[in-house]
Number of protein chains: 2
Amino acid sequence: MTVDGNAESRRLPTPCAGIPIEQMQFVRQILDRIGDKWTLLVIAVLADGPRRYTDVHNDIGIISQRMLTLTLRQLHQDGLISRTAYAEVPPRVEYALTPLGHGLRDIVTALIDWAADHYDEIRANRERTAT
Amino acid sequence: MTVDGNAESRRLPTPCAGIPIEQMQFVRQILDRIGDKWTLLVIAVLADGPRRYTDVHNDIGIISQRMLTLTLRQLHQDGLISRTAYAEVPPRVEYALTPLGHGLRDIVTALIDWAADHYDEIRANRERTAT
DNA sequence: CGGGATCCATTAGGATACTG
DNA sequence: CAGTATCCTAATGGATCCCG
């Protein structure tokens with residue numbers, strides 16, 4: 001913040017991939033969320049349809065209850081997923097992507113595809129330089 | 001790796017967004033790298049051309065020397081960026097995306113665009129549920 | 001200029017046990 | 001089933017000083 005003197009001199013020469021300096025702060029905020037250990041995977045799991053708590057837990061496999069709960073809660077607070085609790089016994093809670101979340105889904109899918117496609121290459125590089 | 005017993009029973013019913021269980025491990029590995037605090041931003045900075053160490057440092061702004069160095073080193077080891085040191089005085093080192101890195105660039109750009117586009121919406125959701 | 005080395009605080013995140 | 005609560009460790013990341 002408080003970057004400019006007069007409006008004339010604000011447009012710096014491509015400061016960062018065309019991102020204005022002021023945007024950097026919240027890009028970082030979003031990226032912090034996106035980039036935590038489980039968020040992307042949870043979104044990936046919900047990508048092809050609503051899932052119950054336990055389903056998500058099983059799909060991801062090694063996530064702890066605690067982290068799953070926290071991740072789901074944050075995604076819900078950000079409005080990326082919906083939470084629907086059915087008053088049954090035993091209780092049933094379904095999580096699903098919201099329209100907002102769907103936008104992220106495509107990107108996440110692209111990211112995962114990329115990771116899958118280039119994993120071998122990356123690992124080869126990693127091992128070569130580790131020698 | 002070494003997950004299956006016999007090849008017959010491997011194909012589980014849509015385990016996770018179409019990702020086979022075995023892939024989850026390295027998807028997680030890639031995502032761990034991608035999703036750390038600075039990697040995406042560094043890639044974003046390098047997206048529109050080679051940059052020197054100090055340039056990257058200034059563009060991102062609040063990253064510490066230590067984290068910038070570590071992030072650049074990891075990206076280099078993974079083969080996502082190149083490192084070119086010119087034998088001058090004072091020394092000059094330029095970092096640039098490799099072809100492999102360019103693939104990620106498009107996704108990163110999409111992610112950042114998405115973050116910028118929906119930041120207001122997300123923050124509104126966040127504040128509403130924080131009441 | 002472009003880092004490396006060290007020390008330290010914070011935090012993320014796992015394990016376990018318990019609950020409506 | 002779908003969480004909460006507590007404890008505790010490992011990892012992240014910042015600050016500082018130093019070096020070629």
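In what follows, the structure referred to is the one given above.
The sections below set out a description of the structure shown in this document. The model shown is predicted, which means the values in this text are computed figures rather than measured ones. (Residues numbered from 1 in each chain as written. Chains lettered and ligands numbered in written order. Predicted model: local features only at pLDDT ≥ 70, side-chain atom pairs only at ≥ 80, totals over all residues. Heavy atoms only, no water.)

## Digging into the protein's contact with DNA strand D
Next up, step 1: Taken together, 18 residues lie near DNA strand D, and A:Thr54, A:Arg83, A:Tyr95, B:Lys37 and B:Arg66 sit nearest.
Next up, step 2: Taking the atoms of DNA strand D that fall within 4 Å of the protein, sugar and phosphate contribute 64% of them.
Next up, step 3: Between a base oxygen of DNA strand D and a side-chain N or O atom of A:Gln65, the distance comes to 3.1 Å.
Next up, step 4: Of all the elements in the fold, those that place two or more residues in the surface near DNA strand D are α3 (53-60), α4 (65-77) and β3 (92-97) of chain A together with α4 (65-77) of chain B.
Next up, step 5: Class assignment for the residues of the surface near DNA strand D results in eight nonpolar, four polar and six charged. (Near = heavy atom within 4 Å. Polar contact = N/O pair within 3.5 Å; in protein donor to acceptor, adjacent residues only side chain to side chain. Helix = DSSP H or I, 4+ residues; strand = E, 2+ residues; numbered from the N terminus. Nonpolar A, V, L, I, M, F, W, Y, C, P; charged D, E, K, R; others polar.)

## Overview of the packing of aromatic side chains
Next up, step 1: Considering all chains together, one arrives at zero aromatic pairs over all chains under this definition.
Next up, step 2: Between the NZ or CZ atom of A:Arg92 and the centre of the ring of A:Tyr86, over which it lies, the distance is 4.0 Å. (Phe/Tyr/Trp six-rings, centres within 6.5 Å; stacked < 30°, edge-to-face > 60°. Lys NZ or Arg CZ within 6 Å of the ring centre and 35° of its normal.)

## Re the environment of B:Ala115
Next up, step 1: By the element assignment, B:Ala115 lies in helix α5 (residues 99-130).
Next up, step 2: The spacing of B:Ala115 and B:Thr54 is 61 residues in sequence and 26 Å in space, taken between C-alpha atoms.
Next up, step 3: Leave out the neighbours within four places in its chain, and B:Ala115 touches A:Phe26 and A:Ile30. (Contact = heavy atoms within 4.5 Å.)

## Let's talk about the pairing of strand β2 (residues 81-86) of chain A
All names here are of chain A.
Next up, step 1: Looking at chain direction, β2 and β3 are connected through six bridges and run antiparallel. If you follow Arg83 over to β3, its bridge partner there is Tyr95.
Next up, step 2: Hairpin connection, β2 to β3: the antiparallel pair is bridged by five residues. (Pairing = 2+ DSSP bridges.)

## Section: the protein's contact with DNA strand C
Next up, step 1: Around DNA strand C sit 20 residues, and of these A:Arg66, B:Thr54, B:Thr69, B:Arg83 and B:Tyr95 come closest.
Next up, step 2: Backbone atoms, meaning sugar plus phosphate, form 63% of the atoms of DNA strand C positioned within 4 Å of the protein.
Next up, step 3: A distance of 2.2 Å separates a phosphate oxygen of DNA strand C from a polar atom in the side chain of B:Thr54.
Next up, step 4: Between a sugar or linking oxygen of DNA strand C and a main-chain N or O atom of B:Pro91, the distance comes to 3.2 Å.
Next up, step 5: Residue assignment for the surface near DNA strand C shows that the elements contributing at least two residues are α4 of chain A together with α3 (53-60), α4 and β3 (92-97) of chain B.
Next up, step 6: A total of four residues in the surface near DNA strand C trace back to one element, the largest contributor, which is α4(B).
Next up, step 7: Residues of the surface near DNA strand C, tallied by class, amount to eight nonpolar, five polar and seven charged.

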